[in-house]
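Residue strings, one per chain:
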Amino acid sequence: MIAVITGDIINSQHADTEVWITKLKNLLEKWGNAPQVWEIYRGDEFQFKCNIDDVFWHFLAIKSLIKSQENLDVRIAIGIGLENFSSEKITESNGTAYVNSGRLLNDLKSDGDTVSIKTSNDAIDRDLNILLKWASKDFDNWTMATSEIIHEMIMNQDITQEDLAKKFAISQSSISQRLKRANYELIVETNQYFRKKISEL
């Protein structure tokens, strides 16, 4: 099984495309090569495949990167399933992971949520989607400053608060307060729970 993330940028028409698209490309390139592992298409939509264990952390990395740009957010549909056909371009690959993710993004656009997951197990979908709806109450309200720090923590889990304070030229206590406001410890626990639930598939 694999995980496929299909997403689109919210409010992309009100932002400098070159800035966010360059940052998104740089992030996705850390995880694999385009266009086999990821691709940006139709201006502001993208698709990316990864290991199922890493999908929640990757989702958060993308979310925090985009939210660190002014007025932007991202809709993300996570599909878990099989890859029956692997093309040189991810957008031409096929399997239940792709179908689940692609259809789910259309649903998200109509129901107003910013993240959802579809697997082969309805009970796991129900549990994880309730969790994602609650978590999104926080994620969707991250400020640009909070998003920047969350992104750094996700991408470099060995980084210390002192390192972050130097990087952002603020006090270590300010870093600590932002992480508390963002419920970072709870985010780490949620990632562990996510991995456990998906391993049951």
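For the structure, see preceding data.
Values in this document were obtained by computation on a predicted structure and should not be read as measured data. (Residues numbered from 1 in each chain as written. Predicted model: local features only at pLDDT ≥ 70, side-chain atom pairs only at ≥ 80, totals over all residues. Heavy atoms only, no water.)

Novice: So, the layout of surface pockets: which residues are in play, and what are the values?
Specialist: Where empty space is left can be seen by rolling a probe of water-molecule size over the atoms. One number sums up the size of the largest pocket: a volume of about 270 Å³. Taken together, K23, N26, L27, K30, L65, S68, Q69, E148, H151, E152, M155 and F168 form the lining of the largest pocket. Contributing elements (two or more residues each) for the lining of the largest pocket: α1 (17-29) and α5 (144-155). At four residues, the largest contribution of residues to the lining of the largest pocket is made by α5. Each residue belonging to the lining of the largest pocket can be placed in one class, and the counts come to four nonpolar, four polar and four charged. The space that makes up the second largest pocket amounts to roughly 170 Å³. L131, W134, A135, D138, F139, A182, N183, L186, I187 and T190 together form the lining of the second largest pocket. Contributions of two or more residues to the lining of the second largest pocket are made by α4 (122-139) and α8 (184-199). Classifying every residue of the lining of the second largest pocket by side-chain character gives seven nonpolar, two polar and one charged. (1 Å grid on protein atoms, 1.4 Å probe; cavity = no way out; pocket = protein on both sides within 12 Å on 5 of 7 lines; lining within 4 Å. Points joined across faces, edges and corners; volume = space filled by probe spheres on them. Helix = DSSP H or I, 4+ residues; strand = E, 2+ residues; numbered from the N terminus. Nonpolar A, V, L, I, M, F, W, Y, C, P; charged D, E, K, R; others polar.)

Novice: Could you give an account of the sheet that holds strand β1 (residues 2-10), with specific residues and numbers?
Specialist: The strand order β2-β3-β1-β4-β5 describes an open sheet built from five strands, whose pairing is mixed. Both outer strands of the open sheet, β2 (38-41) and β5 (115-118), are each paired with one neighbouring strand and no more. The mean angle between the axes of side-by-side strands here comes to 15°, regardless of whether they run parallel or antiparallel. With nine bridges connecting them, β1 and strand β4 (residues 73-81) associate as antiparallel partners. Across the sheet, I5 pairs through a bridge with I78, a residue of β4. The sheet strands contacting helix α3 (residues 96-111) are β1, β3 (45-50), β4 and β5, and the helix crosses β4 at an angle near 145°. (Pairing = 2+ DSSP bridges. Axes fitted to C-alpha atoms, helices over the stretch in contact; angles between N-to-C directions. Contact = heavy atoms within 4.5 Å.)

The values are spatial; any link to function lies outside them.
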